[in-house]
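# Examination of the molecular architecture
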Amino acid sequence: AKLAGRNTLRFFDPVMQARVSTRAELESALWVGLEKEQFLLQYQPQVLADGRITGAEALLRWRHPERGMVSPAEFIPLAEENGFILPLGRWVLESACAQLAHWAHDARMAHLSVAVNVSARQFRQDAFVAEVIEILERSGANPARLKIELTENSLVTDIEGVIAKMAALKARGVGFLLDDFGTGYSSLAYLKRLPLDQIKIDQGFVRDILVDPNDAAIAKMVIVLADSLGLAVIAEGVETEAQRLFLEQQGCVAYQGYLFSRPLAVPDLESLVDASQRL
Ligand code: C2E
Ligand code: CA
Ligand code: CA
Ligand code: CA
């Protein structure tokens, strides 16, 4: 009995209990958050060398009543694990498409594309293509303004299925971008088969591009590779003019990063686009 008592005590160890309840609480708080409209998108501009804004990446935020603004890094991994990413990812697509449809009637904003992050689990659903088409049709968004950002881990299994999904959406005009390229395991032969439009140079390579010759070599390689495959290239995480200039000298033409802007609430993005058009 003593032993059992000790086991029971250990089971209800305050530290353990705290750890368990944190995860369980986070899980139920996510559902409540979706229900209570606590999620929102911020938009980070994507710019050309002359400062013109051509699009924006939609980045998810969770405005928790007590914890404040929670970063996606804190809940996306759990959401992918427990399947919450499916309704959440759907909400992201709906919200981004509603925004696109709204901007279509705004002369300053109508030219912008919106890039949406789609997680591997979301993309692997059989119904993914039908879901995106339905959301596009219901929102009235122009499919040609929507870009889907995928990471290598979405693409490494079932290549035929992946190609079929991409082709079906590309036939409607949707674009595809490979995010975080170079951080995963896909081979170049594999990459060549995918109907991609753009490759994004990961911020992990941009960060030390001026001081780490390996990062500089990888960034150069990605730019050359994209060019030879006929793909556009964009660099993310560009924080300084020196980084931007180095990337430009290697042939990069599109950038995203704090040098230009942090992710912004919609009205702030609209003001920035407006101001950049008056230059
Ligand atoms: P990501 O797709 O690689 O997005 C880029 C991240 O870098 C964003 O972090 C962005 O705010 C940040 N960033 C942009 N410019 C700079 C810069 O100049 N310097 C630095 N240090 N960071 C910069 P964020 O918004 O915290 O998002 C983190 C990750 O969460 C994203 O990485 C993406 O993988 C995921 N995520 C965000 N929104 C969604 C979503 O709607 N769906 C899914 N599935 N994942 C999302
Ligand atoms: Ca991304
Ligand atoms: Ca990225
Ligand atoms: Ca990244």
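Treat the numbers as computed from the prediction; the structure is a model and nothing was measured.

## Brief notes about the overall build of the protein
The number of helices and strands found in the protein is 13 helices and 9 strands. For the protein, the spread of C-alpha atoms along the principal axes amounts to about 75 × 45 × 40 Å. Residues counted as buried form 46% of the 279 residues belonging to the protein. Expressed as a percentage of contacts within the protein between residues at least 6 apart in sequence, the contacts between residues at least 24 apart total 67%. Accessible area of the protein: about 14200 Å², with a carbon and sulfur share of 55%.

## A few points about the pairing of strand 4 (residues 113-117)
Within strand 4, 4 of the 5 residues are buried, which leaves it mostly tucked inside the rest of the structure. Pairing of strand 2 (residues 53-64) with strand 4 involves 4 bridges; the strand directions are parallel. Residue pairing across strands places A56 opposite V114, the latter belonging to strand 4. Pairing of strand 4 with strand 5 (residues 146-151), which is carried by 4 bridges, proceeds in the parallel orientation. The residue bridging V116 from the neighbouring strand is I148, located in strand 5.

## Remarks on the coordination of the calcium ion (ligand 4)
Distances from the calcium ion (ligand 4) to its protein donors, D180 (OD) and D202 (OD), fall within 3.0 to 3.1 Å. A separation of 3.4 Å is found between the calcium ion (ligand 4) and the calcium ion (ligand 3), which are bridged by D180. One end of the pair, D180, is in strand 6 (residues 175-181); the other, D202, is in the loop between strand 7 (198-201) and helix 10 (203-206), and 22 residues separate them in sequence. In this structure D180 comes out as partly exposed when scored by relative accessible area, which is 23%. Residue class for D202 comes out buried when judged on its relative accessible area of 11%.

## Some points on the coordination of the calcium ion (ligand 2)
Within the first shell, the calcium ion (ligand 2) binds the protein through E57 (OE), N117 (OD1), E149 (OE) and D179 (OD), at distances of 2.2 to 2.3 Å. Here the donor residues for the calcium ion (ligand 2) map to a single chain with the spacing E-x59-N-x31-E-x29-D. Between the calcium ion (ligand 2) and the calcium ion (ligand 3), both coordinated by D179, there is a metal-metal distance of 4.0 Å. Highlighted residues: E57 in strand 2 and D179 in strand 6, separated in sequence by 122 residues. For D179, a relative accessible area of 7% puts it in the buried group.

## Brief notes about the nonpolar core
Grouped together as the largest cluster of nonpolar side chains are 78 residues, with contacts concentrated most on Y43, I201 and L247. The element that contributes the greatest number of residues to this core is helix 4 (residues 85-103), accounting for 8 residues. Apart from residues lying up to four places away in sequence, L247 is in contact with I201, V206, I209, A219, I223, A235, V238, C252 and Y255.

## Quick word on the side chain of Q122
The residue Q122 is located in helix 5 (residues 120-124) in this model. Relative accessible area serves as the criterion here: at 2%, Q122 is assigned to the buried category. Setting aside residues up to four positions removed in sequence, Q122 forms contacts with L86, G89, R90, L93, N117 and F128.

## Brief notes about helix 6 (residues 128-139)
Taking 1.5 Å as the rise per residue, helix 6 with 12 residues should run 16 Å; its terminal C-alpha atoms sit 16 Å apart, in good agreement. Every buried residue of helix 6 is listed here: F128, V129, E131, V132, I133, I135 and L136. Among the structural elements, helix 4, helix 5, strand 5 and helix 8 (159-170) are those in contact with the buried residues of helix 6. Once helix 6 ends, the next one or two residues include G140, with phi positive near 80°.

## Re the confidence of the model for the protein
In low-pLDDT segments, the atomic positions of the prediction should not be examined closely. Chain-level statistics for the protein give a pLDDT mean of 91 and a share of 92% at 70 or above. Here residues 1-13 is modelled with pLDDT under 50, and outside its nearest four sequence neighbours on either side it reaches 3 contacts, counting other chains as well. As scored by the predictor, the complex reaches a pTM of 0.92 and an ipTM of 0.97.

## Focus: the packing of helix 6 against helix 8
One can describe the packing of helix 6 onto helix 8 by two numbers: an axis separation of 10 Å at closest approach and a directional angle of 15°. With respect to their mutual orientation, helix 6 and helix 8 come out roughly parallel. Between helix 6 and helix 8 lies a crossing whose hand is right-handed. For the pair formed by helix 6 and helix 8, the contact residues are F128, V129, V132 and I133 on the first element and K165, A168 and L169 on the second. Looking at side-chain class alone, the contact of helix 6 with helix 8 contains 6 nonpolar, no polar and 1 charged residues.

The rules behind each value
Residues numbered from 1 in each chain as written. Chains lettered and ligands numbered in written order. Predicted model: local features only at pLDDT ≥ 70, side-chain atom pairs only at ≥ 80, totals over all residues. Heavy atoms only, no water. Helix = DSSP H or I, 4+ residues; strand = E, 2+ residues; numbered from the N terminus. Buried < 20%, exposed > 50% of the residue type's maximum accessible area, 1.4 Å probe, protein only. Contact = heavy atoms within 4.5 Å. Areas by Shrake-Rupley, 256 points an atom, 1.4 Å probe, with all protein chains shown as cover. Pairing = 2+ DSSP bridges. Donors = N, O, S within 2.8 Å, 3.2 Å for Na, K, Ca; no water. Core = buried A, V, L, I, M, F, W, Y, C linked by side-chain atoms within 4.5 Å. Expected span 1.5 Å × (residues − 1). pLDDT = per-residue confidence, 0-100. Axes fitted to C-alpha atoms, helices over the stretch in contact; angles between N-to-C directions. Parallel < 35°, antiparallel > 145°, perpendicular 65-115°, else oblique. Left-handed = near helix turned anticlockwise from the far one by under 90°. Nonpolar A, V, L, I, M, F, W, Y, C, P; charged D, E, K, R; others polar.

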